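Architecture and fold: a report
Residues per chain, in single letters:
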Amino acid sequence: MRRVGIRCDAGVGRGVGHLMRCLALAEELRERRLEVVVLGDMGGLEWAAEQLARRGLRLLPGPGDAAAMVRAARRLALDAVVVDSYDLDPRCSGALRRAGVRVLAVVDDDDRGQDADIYLDQNLGAERQAGRVPTGSVRLAGVRYALLRDDVRRLRRGPLEAGRPDGVLTDHRQPGGAPVEPGRPPRVLCFFGGTDAAGAAPVVVGELIATGVPFLATAVTPRERALDHLRPAGDQTVRRIPPTDDLPRLIAAADLVVTAAGSSMWDLLYLGKAAALVWVAANQRPGYEEVLSRGLAAGLGHLDAVVRTGGPARACLRELLTSARSREELGARGPALVDGEGRARVADALLSP
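Residues numbered from 1 in each chain as written. Predicted model: local features only at pLDDT ≥ 70, side-chain atom pairs only at ≥ 80, totals over all residues. Heavy atoms only, no water.

Our next topic: the overall build of the chain. Along the backbone of the chain there are 13 helices and 13 strands. Relative to a compact globule of 353 residues, whose C-alpha radius of gyration would be 20 Å, the chain shows 20 Å and is just as compact. In terms of principal-axis extent, the alpha carbons of the chain reach across some 65 × 50 × 40 Å. Per-residue burial over the chain gives 55% buried out of 353 residues. Across the chain, the fraction of contacts at a sequence separation of at least 24, relative to all contacts at a separation of at least 6, is 58%. Carbon and sulfur atoms provide 50% of the accessible area of the chain, an area that totals close to 15200 Å². Each charge class in the chain can be summarised by its mean position, and for the 49 positive and 45 negative side chains these summaries are 1 Å apart. (Helix = DSSP H or I, 4+ residues; strand = E, 2+ residues; numbered from the N terminus. Rg over C-alpha atoms; globule rule 2.2 N^0.38 Å. Buried < 20%, exposed > 50% of the residue type's maximum accessible area, 1.4 Å probe, protein only. Contact = heavy atoms within 4.5 Å. Areas by Shrake-Rupley, 256 points an atom, 1.4 Å probe, with all protein chains shown as cover. Lys, Arg positive; Asp, Glu negative; His and termini not counted. Charge placed at Lys NZ, Arg CZ, Asp CG, Glu CD.)

Structure (structure tokens):
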């Protein structure tokens, strides 16, 4: 095998989660000296297109039907195709397979009737589900297969373990070995995907302000005026930044991360970050409930409930802002669960005869 295609899209409505996990797999395949080409539509998101350009990945239009997908695979001489899309006609996978192209379908609980050689469901708890697959196909299930990008994986290396040959950091609460300054207000990072399509940032930052507790917050949102109506107290600091390549570093530097229950949760677990989650789409709810049931994050509920009631979410945020012990207990549980080698396991399966 020498050339792999990745079929995924991004956009304001779609978000960038599919793209980001596919980039992690692309990095692994490139390390193994395979050529990778991305077939898709970035929905006009300049930041998403820059992610591809920065990695030297070629972006071509993404075929939308089975016949066009097969033609593209033949034209590009693709040996395998990774399909990660809720919108693509599920018949594309079977058509590719019948054309002799190996297919890996990235799914989230529902395979949508795709016919693939490999089904990947990296969600926590997926390993407990039966997950029927066609004869001759395999299913990779659970967070053991979580796809993490290079810019996340390198942050669990730092000076605390400089004497070890592998450089792996064992005190996961402080990636890079940075100490927490006594008396400093907690640093909070709020982000809700690459587009914040649900408009969660102003709601959550508003609840942080309503706690009355000092904090230093960074909110990632593409909407320039999204937070202008908020009035933090004198000992509360809020700054807005647009979507950024620096997000992994911001996660590593934060004491508390407030985010949606999407695939970025695996980054937080890997880095040992205390997290408070909302869910904003129906497909996020199972993962949200699974993470909470294992005590891996705090839950704020559905975004609409936060808007309507506020009280329970506010109390949860106040506890996390005022209790370093609560944050440490949450953050300490993740690194043992997510080891950062998921993408290697997926690549092994894709490249196996």
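It is worth spelling out the packing of helix H6 (residues 200-210) against helix H11 (residues 311-322) at this point. Working note: a packed helix pair is described by the angle between its axes plus the distance between those axes. One way to put it is that H6 packs onto H11 with a least axis distance of 9 Å and a crossing angle of 65°. In this structure, H6 crosses over H11, and the sense of that crossing is right-handed. Contacts from Glu 207, Leu 208 and Ala 210 of H6 reach H11 at Arg 314, Leu 317, Arg 318 and Leu 321. Here the residues of the contact of H6 with H11 are counted per class, giving four nonpolar, no polar and three charged. (Axes fitted to C-alpha atoms, helices over the stretch in contact; angles between N-to-C directions. Left-handed = near helix turned anticlockwise from the far one by under 90°. Nonpolar A, V, L, I, M, F, W, Y, C, P; charged D, E, K, R; others polar.)

This part covers the nonpolar core. Core analysis: the largest hydrophobic core is formed by 35 residues, its most contacted members being Leu 19, Leu 29, Val 82, Leu 104, Leu 120, Val 346 and Leu 350. Sorting the residues of this core by element identifies strand E1 (3-8), helix H1 (17-31), strand E2 (35-39), helix H2 (46-54), strand E4 (80-84), strand E5 (102-106), strand E6 (118-121) and helix H13 (342-351) as the ones contributing at least two each. Looking at this core, the element that brings in the most residues is H1, giving eight residues. Each residue touching Val 346, except ones within four places of it in the same chain, is listed here: Leu 25, Leu 104, Leu 120, Leu 140, Tyr 145 and Leu 147. Core analysis: the next-biggest nonpolar cluster, separate from the first, contains 32 residues, Ala 200, Leu 208, Ala 276 and Leu 320 among them. (Core = buried A, V, L, I, M, F, W, Y, C linked by side-chain atoms within 4.5 Å.)

Turning our eyes to something else, we now look at the sheet that holds strand E13 (residues 298-302). As summarised here, the arrangement of the six strands in space is E10-E9-E8-E11-E12-E13, forming an open sheet in which the pairing is parallel. What marks the edges here is a single partner per strand, and that holds for strand E10 (236-241) and E13. Across the sheet, the axes of successive neighbouring strands diverge by a mean angle of 15°, strand direction being ignored. Bridge count for strand E11 (residues 256-260) against strand E12 (residues 275-279) is four bridges, and the pairing is parallel. What sits directly across from Val 257, in E12, is Ala 275. Contacting E12 and E13, helix H9 (residues 285-293) crosses the sheet at an angle of about 150° to E12. (Pairing = 2+ DSSP bridges.)

Here the focus is the packing of aromatic side chains. Under the definition given, this model contains zero aromatic pairs. Here the guanidinium or amino end of Arg 144 rests over the ring plane of Tyr 145, the centre of that ring lying 5.9 Å away. (Phe/Tyr/Trp six-rings, centres within 6.5 Å; stacked < 30°, edge-to-face > 60°. Lys NZ or Arg CZ within 6 Å of the ring centre and 35° of its normal.)

Counted by the stated rule, this structure contains 32 salt bridges. Here Arg 55 makes a salt bridge to Asp 151, at a shortest N to O gap of 3.9 Å. Here Arg 55 is found in the loop between H2 and strand E3 (58-60), whereas its partner Asp 151 is found in helix H5 (residues 150-153), with 96 residues between them in sequence. Neither residue differs from the other here; Arg 55 and Asp 151 are each classed as buried. For the salt bridge of Arg 97 with Asp 115, the shortest nitrogen-to-oxygen distance reads 2.6 Å. (Salt bridge = Lys/Arg side-chain N within 4 Å of Asp/Glu carboxyl O.)

Burial runs high along E11: five of the five residues are buried. Burial along E11 is two-sided: the face carrying Leu 256, Val 258 and Ala 260 and the face carrying Val 257 and Thr 259 are both buried. Note that strand E8 (residues 187-191) and E11 share four bridges and pair parallel. Bridge assignment links Cys 190 to a residue of E11, and that residue is Val 258. Once the chain exits E11 it traverses helix H8 (residues 265-271) before rejoining the sheet at E12, and the crossover so formed is right-handed. (Right-handed = clockwise from strand over helix to strand, strands pointing away.)

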